[in-house]
Amino acid sequence: MRSLFDADCYDPDDMLAHPRHQDMQPALAMLIQQLRDCTTEEAGVAFQRDLLARLLEVEQDRKEFKRAADRMRKRKSPHREAPEPQSGRDLGDAATWRFEHDVCERLARQLRSVGDALAWRVFGFHRPFILSLCRNDPPGPMAGKAGLQTELDRVEEVFKENGSFALLHDLTNCLRIGDITVWDGVNPPRTEEIKTNPEARKGAQIRRINQARTAVLEGGPLPGNNASELLYDLDLPLRTHLDVMRDALEQAATEGIHATPVPGRRALYVIDQYGCVQQGLSSAQFNERLQQVVGAALESAGIATGREDHNVHFTTMDDTARNPLRVPWANYPLHPVACARLIGDYAAMTVETSGPALADLLQVAGLDAHWTRPPGKADLKAGDVVMEIHHQEQLRAVPLPGGLTMTPGWTLQMGRSELDRYMIELIQPGSWIAGMKHLLAARRVGQPWPHYRNEHEVWV
């Protein structure tokens, strides 16, 4: 959500044409490859320093552009320390400085998404750590943050003392509880709250750190006020169709637009800006091509009928470092350039399904599934329940007074976040259905947060 901008300040394509935004693409690809090449604590420390320096530089410019925009609104000239705008817009227009600020805000999120990839990697791609430590407000800008130097000193101290790696949480979007996490090579990761004044302690933050640790290591409730929210080990391997995603991205890089059905009543379509330029597509040609290839993919997936009433879609557009539950693009088994394009929105991916068709898929697998989203409802929101799956106990019905009967059973409600994962991670329908059957058989009361085994074999 923009705080400084009106919706009509600029066209979204203006962002992609900005020199700063374009220059970030090779930098992101280089950082992703550098991260993948890290095999030692020393290399990890060096990578974190490099990423931090880049993020602070972008955030400092963002801060100065905001200051200049504020001055312009008061009919003052931008201050002398303001960076030079690179958009080629009118320097006397306040919208120019607001636009530059927005560019820096997005670039900071892109760099933080690489920080997220670092976090997933050092946690061994063990999703429970991310699920437990993301349950807080997102971090604010690091530039000018009080106490940042104390956190940096602690990170360096840990490495100098015993060669251990300490991850700075503010370098990420997904780690929102505590300030740093330390790996000593012997004990489980240890999350710390760092204070400039050692005698000052935030009891609430310490409690959340302890809650997160207990949730992962001992099965306690996740941080928050709902004690029924628990991690749940499915004891199943994760299987995906990420090879379909890789092929689609490669095709779109050449064709501009590529769409394909995906097993599990889904259609995947990718738009690559560089591919569109290479094809020389006019606006009319682009729209015609998009409608044609997407329509064919929807037909092949069996989800074209009733699209306006029943279909839902999940997209990557401008989602970088916004949703802490999503695996960062830099961890996907894709070429670093493809990851950078997804991060920067030069490649946009959408996965679409039909709710009733998805329920039919589960019913064929023996699950009593019902799509609960009303036809034609607006886009899904966080916390929305999209499907209910009922599981009856294999017991005789119990007669009740008044001629009623009660059949013991359990109902599993699927929220938006779980459907998002099935769609964006292209989980194989067999793995997804097996996971739901596992949850139903366990008869756990409350809100389980499931995770698969072997994710270290899936992500990079």
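Below you will find a few notes about this structure.

**Considering the packing of helix H13 (residues 355-364) against helix H15 (residues 429-442)**
Then, in step 1: For the pair H13 and H15, the least separation of the axes is 11 Å and the interaxial angle reads 70 degrees. As far as their axial angle goes, H15 and H13 are roughly perpendicular. Mapping the contact onto sequence places Leu358, Leu361 and Leu362 in H13 and Pro429, Trp432, Ile433 and Met436 in H15.
Then, in step 2: Among the residues forming the contact of H13 with H15, the class breakdown is seven nonpolar, no polar and no charged.

**Notes on the pairing of strand E5 (residues 257-262)**
Two faces make up the sheet, and in a regular strand the side chains alternate between them.
Then, in step 1: In terms of burial, E5 is a largely internal element, five of the six residues being buried.
Then, in step 2: Sheet topology places E5 next to strand E6 (residues 266-272); six bridges connect them, and they run antiparallel. The residue of E6 that forms the bridge with Ala259 is Tyr269.
Then, in step 3: Between E5 and E6, which pair antiparallel one after the other, the connecting turn spans three residues, and Gly264 there sits at a positive phi close to 100 degrees.

**Some points on the sheet that holds E6**
Then, in step 1: Spatial strand order, E5-E6-E8-E7: four strands in an open sheet with antiparallel pairing. On the outer flanks of this sheet lie E5 and strand E7 (311-315), each paired with one strand and no other. Strand-to-strand twist of the sheet, defined as the mean angle between neighbouring strand axes without regard to direction, takes the value 20 degrees.

**So, the sheet that holds strand E2 (residues 180-183)**
In any sheet, the strands associate via hydrogen bonds between backbone groups, in a parallel or an antiparallel arrangement.
Then, in step 1: The antiparallel open sheet is built from three strands, whose spatial order is E1-E2-E3. In the strand order of this sheet, the two ends are held by strand E1 (165-168) and strand E3 (190-192), each with one partner. Neighbour-to-neighbour, the strand axes of this sheet turn through a mean angle of 25 degrees, independent of strand direction.
Then, in step 2: Along the sheet, helix H6 (residues 148-162) makes contact with E1, E2 and E3, crossing E1 at roughly 160 degrees.

**Some points on helix H4 (residues 94-122)**
Then, in step 1: Taking 1.5 Å as the rise per residue, H4 with 29 residues should run 42 Å; its terminal C-alpha atoms sit 43 Å apart, in good agreement.
Then, in step 2: Extensive coverage of H4 is indicated by the burial of 27 of its 29 residues.
Then, in step 3: By the N-cap criterion, in which a side-chain oxygen at the helix start approaches the backbone nitrogen of a residue two or three places on, H4 is capped by Asp93, the distance to Ala95 being 3.0 Å.
Then, in step 4: Downstream of H4 by one or two residues, Gly124 has phi in the positive range, about 70 degrees.

**Notes on helix H8 (residues 242-255)**
Then, in step 1: End to end, H8 covers 20 Å across 14 residues, agreeing with the expected 20 Å (1.5 Å per residue, within 8%).
Then, in step 2: Taken together, the buried positions of H8 are occupied by Leu242, Val244, Met245, Ala248, Leu249 and Ala252. Around the axis of H8, the buried residues are gathered within 140 degrees of arc, so they sit on the same side.
Then, in step 3: Each element contacted by the buried residues of H8 is listed here: E5, E6, helix H9 (273-279), helix H12 (336-344), strand E8 (347-354) and helix H14 (416-424).

**Section: the nonpolar core**
Then, in step 1: Of all hydrophobic cores here, the largest spans 116 residues; its most connected members are Met245, Leu268, Met387, Ile389, Leu419 and Trp432.
Then, in step 2: Beyond its immediate sequence surroundings of up to four residues, Leu419 is in contact with Val312, Phe314, Leu358, Trp371, Leu380, Val386 and Met414.
Then, in step 3: In terms of nonpolar packing, the next biggest core, distinct from the first, is built from 12 residues, Tyr269, Cys276, Val293 and Val294 among them.

**Section: the pattern of salt bridges**
Then, in step 1: Under the definition given, this model contains 32 salt bridges.
Then, in step 2: Here Arg89 and Asp14 are joined by a salt bridge, their closest N and O atoms 2.8 Å apart. Here Asp14 lies in helix H1 (residues 12-17) and Arg89 lies in the loop between helix H3 (41-73) and H4, a separation of 75 residues in the sequence.
Then, in step 3: Given a relative accessible area of 28%, Arg89 falls into the partly exposed group.
Then, in step 4: Judged by relative accessible area, Asp14 falls into the partly exposed class, the value being 28%.
Then, in step 5: We note a salt bridge from Glu151 to Lys145, for which the minimum N-O separation is 2.9 Å.

Parameters and conventions
Residues numbered from 1 in each chain as written. Predicted model: local features only at pLDDT ≥ 70, side-chain atom pairs only at ≥ 80, totals over all residues. Heavy atoms only, no water. Axes fitted to C-alpha atoms, helices over the stretch in contact; angles between N-to-C directions. Helix = DSSP H or I, 4+ residues; strand = E, 2+ residues; numbered from the N terminus. Parallel < 35°, antiparallel > 145°, perpendicular 65-115°, else oblique. Contact = heavy atoms within 4.5 Å. Nonpolar A, V, L, I, M, F, W, Y, C, P; charged D, E, K, R; others polar. Buried < 20%, exposed > 50% of the residue type's maximum accessible area, 1.4 Å probe, protein only. Pairing = 2+ DSSP bridges. Expected span 1.5 Å × (residues − 1). Polar contact = N/O pair within 3.5 Å; in protein donor to acceptor, adjacent residues only side chain to side chain. Arc of directions from axis to C-beta. Core = buried A, V, L, I, M, F, W, Y, C linked by side-chain atoms within 4.5 Å. Salt bridge = Lys/Arg side-chain N within 4 Å of Asp/Glu carboxyl O.

Structural measurements only, silent on function.
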